[in-house]
Amino acid sequence: MRPPKEKWRPTYFTARKYRTSDGGDVAEFAEKYLSLSKGVRAGEPLVFRDWQRWLLDAVLERRPNGRLRYNRVLIGLPRKQGKSLIGSAIALYGLLAGEAGAEVYSVAGDRRQARIVFNEAKQQIVQSPLLSQICNVYRDAIEVPSFGAVYRVVSADAKRQAGLNPSLVIFDELWVQSNDDLWDQMTLGSGARVDPITIALTTAGYELDTLCGRLYDYGKRCASDEQDDERFGFYWWEAPR
């Protein structure tokens, strides 16, 4: 795959190693079944920009054995760059085209934040004649009975999340997490899954002595090849210093 163009290249990113990816499938799924939900173009098909397609291809890269390369990904984006749309598209693809019995979770430090990506996904289903037929939509859950799949909202009361078996986690605004509990519960609770992945989408925080700050430093080491961890993906946009 071609490297990102200079004008939208992330400041730091882990380089591609393999040719195969689910990114194109997610983009095609979005264009076929999803639509823009806000602004003057609301209702038009959701078409990702080149840099968003590049990001999807990178994040959902697959190894030669067919498994996802990454099981943890940290993405840092400026505000108003379609973070919720990207998250909802990946979540719905994982719900509808992932493994049978998929458990997808929208996660954040509080329930209001966790619902942002989830509510975007709910609106996409309601707007789609096809998706609304196969999905049962509730306040904090979306079920697909024919697949035995479910998409739920989870917030920071990590003690209540023991026993979950996530196949896909969309973790919103990781920088506000005061401790590692919820992140650990969601990433360690997927051990029984064939191909689990946790994707954190966040704007930049202000302190490095936090979970997000530590993962940011770790990601920079992975991006520079100082740290060898093929299972951790890192894509971070920030202003030049």
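As shown above, the structure is provided for reference.
Since the model is a prediction, treat every value here as computed from it, not as a measurement.

Conventions used here
- Residues numbered from 1 in each chain as written.
- Predicted model: local features only at pLDDT ≥ 70, side-chain atom pairs only at ≥ 80, totals over all residues.
- Heavy atoms only, no water.
- Helix = DSSP H or I, 4+ residues; strand = E, 2+ residues; numbered from the N terminus.
- Buried < 20%, exposed > 50% of the residue type's maximum accessible area, 1.4 Å probe, protein only.
- Salt bridge = Lys/Arg side-chain N within 4 Å of Asp/Glu carboxyl O.
- Phe/Tyr/Trp six-rings, centres within 6.5 Å; stacked < 30°, edge-to-face > 60°.
- Axes fitted to C-alpha atoms, helices over the stretch in contact; angles between N-to-C directions.
- Left-handed = near helix turned anticlockwise from the far one by under 90°.
- Contact = heavy atoms within 4.5 Å.

For this particular structure, what's the right way to read unusual backbone geometry?
Backbone geometry follows two general trends: most residues other than glycine have a negative phi, and most peptide bonds adopt the trans configuration. Not every positive phi belongs to a glycine, and E173 is a case in point at roughly 50°. If you trace the backbone, E173 turns up in the loop between β7 (168-172) and α6 (181-188). On the basis of relative accessibility, which here comes to 7%, the residue E173 falls in the buried class. For D225, which is not glycine, the phi dihedral falls at a positive 70°. If you trace the backbone, D225 turns up in the loop between α7 (211-223) and β9 (232-236). Judged by its relative accessible area of 69%, D225 is exposed.

What is the right way to look at the pattern of salt bridges in this model?
It is possible for side chains of opposite charge to pair when their charged atoms get near one another. Within this structure, the stated rule accounts for 15 salt bridges. E230 serves as the salt-bridge partner of K17, at 2.9 Å between the closest nitrogen and oxygen. Note that K17 is positioned in the loop between β1 (12-13) and α1 (23-33) and E230 in the loop between α7 and β9, a separation of 213 residues in sequence. The partner of R111 in a salt bridge is D140, with the nearest N and O atoms 3.2 Å apart.

Quick question: what am I supposed to make of the packing of aromatic side chains here?
Note on aromatic pairs: each is described by the distance of the centres and the angle between the planes. Across all of its chains, the model carries 14 aromatic pairs by this definition. Here F13 and W54 contribute two aromatic rings whose centre-to-centre distance is 5.5 Å and whose plane-to-plane angle is 85°, an arrangement assigned as edge-to-face. With F13 in strand β1 and W54 in helix α2 (residues 50-59), the pair connects residues that are 41 residues apart, well separated along the chain. As far as the burial class goes, F13 and W54 line up, both buried. Ring centres of Y218 and F232 lie 5.2 Å apart, and the angle between their planes is 85°; on these two criteria the pair is classed as edge-to-face. Of the two residues, Y218 is situated in helix α7 and F232 in strand β9; the sequence distance between them amounts to 14 residues. Given a relative accessible area of 0%, F232 falls into the buried group.

Teacher, can you tell me more about the packing of helix α3 (residues 83-97) against helix α4 (residues 111-127) here?
Two elements in contact, α3 and α4, have axes separated by 8 Å at closest approach and are oriented at 65°. In this structure, α3 meets α4 at a crossing whose hand is right-handed. Facing S84, L85, G87, S88 and L92 of α3, the residues of α4 in contact are I116, V117, E120, A121, Q124 and I125.

Purely spatial values, then, with no claim about function.
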